[in-house]
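Below, each chain spelled out in residue letters.
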Amino acid sequence: MEFKPLTGGDQPKIRFLVVDDSVFARKNICKMVEAFGGEIAGEAGDGVAAIAKYNDTHPDIVLMDITMPKMEGIEAVEHIVHEHPKACIVMVSSVGYQDNILSALQKGARHFVQKPVKPEAFYEIIRYVLSENAEPAPTTSEGA
Amino acid sequence: MDMQLIQPFINSLDAVISETMRCSARIADVTMQEGNYQRAGVAALVILSGDIQGRIILDMDTAAATQAASDLAGISGEPSEETAREIICELTNMVIGNSVTQLNDRGFKFKVHPPELFLTDVGPRGTLDSETVLLRFELPKGAVYLNIAVHDNSHEMIGAPA
């Protein structure tokens, strides 16, 4: 299936950090990202490496697994969002129960995709979080 | 063994195989296993701890692993050992993750440890308090084995001293 590139014209490509302890899963996700017209800014195999890689590469989107050695994905989200409140993180995990999803969202993740990943749904979710990110922050009447 | 603990793993294996390999996994055999597990091909093991305690082994024979490598990674012919191992770990991750989701939504709270490759020919026995069930699934090419040794620990945990 062909996908319309996430950015068009002269706009720079959306840069992704792909975090998963499985090399195979990372390759698969990277392939999908490239099919969407994105660019791989970096890869990491655990939460600790993800934090370091985020600081090095400052990606537009992080695709983060949950169950990983050293530091799990939800903890890594907390660290990244604490340091970079505007970080855009999408959880990509086979473990998709409510508590986990809620916990990830509470720590600052923007969305959740359950594995096996369906490329069409994944593409729509990425477009959705990008559009949310592009929207200006809501202003309050007090500040107006 | 409690079927409500086993059924999610069966459902998930079928769903994941169907989604990733575009074929169905038919249960060909179910046996209670005594003694150590004998690996059939490339296998990964996942430990569960919490309300559900135990371990699961997902094992694919060469024909099934070759098919999976072709379907999941576009590799033709028998995959390298490394690729086969990566594929089995990822499939295990998906099967266990999907099962855990179903069990968790039924109220069981437990932790899943990342899959580890199971490299020895002969694997662990079920634990003293876990019966072991071995399910053989037939794919259009090859077979997948699911070896489950888990038990419901939730009642014991409720009664356990703090």
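Our subject is the structure listed above.
Caption draft 1: Region of the structure containing the overall build of chain B. Looking only at helices and strands, chain B features four helices and seven strands. When the helices and strands of chain B are read in sequence order from the N terminus, they spell out α-β-β-β-α-α-β-β-β-β-α. Of all 162 residues assigned to chain B, the portion counted as buried reaches 52%. The long-range share in chain B, meaning contacts at least 24 apart out of those at least 6 apart in sequence, stands at 72%. Taken as a whole, chain B presents about 7,300 Å² of accessible surface, with 51% of it coming from carbon and sulfur.

Caption draft 2: Expanded view of the packing of helix α1 (residues 3-21) of chain B against helix α3 (residues 81-105) of chain B. All names here are of chain B. Viewed as axis vectors pointing N to C, α1 and α3 meet at an angle of 135 degrees, and their least axial separation amounts to 8 Å. By the angle class used here, α1 and α3 are oblique. Crossing of α1 against α3: the hand is right-handed. Contact with α1, carried on its side by Q4, L5, P8, F9, N11, S12, L13, V16 and T20, involves L91, M94, V95, I96, N98, S99, Q102 and L103 of α3 and no other residues of that element. The residue inventory of the contact of α1 with α3, partitioned by class, reads ten nonpolar, seven polar and no charged.

Caption draft 3: Fine view of the interface of chain A and chain B. Each side of the interface is counted separately: chain A has 24 residues, and chain B has 22 residues. Across the contact surface, chain A and chain B share five salt bridges. Here K27(A) makes a salt bridge to E86(B), at a shortest N to O gap of 3.7 Å. Summed over the shared surface of chain A and chain B, the number is nine residue pairs in polar contact (both at pLDDT 80 or more). Of all the secondary structure elements, the ones that give two or more residues to the side of chain A that touches chain B are α1 (23-35) and α4 (98-107) of chain A. The dominant element in the side of chain A that touches chain B, judged by the number of residues it contributes, is α1(A), at six residues. In terms of residue class, the side of chain A that touches chain B is made up of eight nonpolar, seven polar and nine charged.

Caption draft 4: Structural view of the environment of E120(A). Residue and element names in this part refer to chain A. By the secondary structure assignment, E120 is in helix α5 (residues 119-134). Sequence-wise, E120 and A50 are 70 residues apart; in three dimensions their C-alpha atoms are separated by 26 Å. Ignoring sequence-local partners within four residues, the contact set of E120 consists of M1 and F3.

Caption draft 5: View of the packing of helix α3 (residues 73-83) of chain A against α4(A). Residue and element names in this part refer to chain A. Look at α3 against α4: their axes get within 8 Å of each other, and the N-to-C directions meet at 15 degrees. As summarised for this structure, α3 and α4 are arranged roughly parallel, according to the angle between their axes. Once α3 is placed against α4, the crossing between them reads as right-handed. Across the interface between the two elements, I74, V77, E78 and V81 of α3 pack against N100, S103, A104 and K107 of α4. A class-by-class count of the residues in the contact of α3 with α4 yields four nonpolar, two polar and two charged.

Reading the values: the criteria
- Residues numbered from 1 in each chain as written.
- Chains lettered and ligands numbered in written order.
- Predicted model: local features only at pLDDT ≥ 70, side-chain atom pairs only at ≥ 80, totals over all residues.
- Heavy atoms only, no water.
- Helix = DSSP H or I, 4+ residues; strand = E, 2+ residues; numbered from the N terminus.
- Buried < 20%, exposed > 50% of the residue type's maximum accessible area, 1.4 Å probe, protein only.
- Contact = heavy atoms within 4.5 Å.
- Areas by Shrake-Rupley, 256 points an atom, 1.4 Å probe, with all protein chains shown as cover.
- Axes fitted to C-alpha atoms, helices over the stretch in contact; angles between N-to-C directions.
- Parallel < 35°, antiparallel > 145°, perpendicular 65-115°, else oblique.
- Left-handed = near helix turned anticlockwise from the far one by under 90°.
- Nonpolar A, V, L, I, M, F, W, Y, C, P; charged D, E, K, R; others polar.
- Salt bridge = Lys/Arg side-chain N within 4 Å of Asp/Glu carboxyl O.
- Polar contact = N/O pair within 3.5 Å; in protein donor to acceptor, adjacent residues only side chain to side chain.

Any functional reading would require information beyond the geometric quantities listed.
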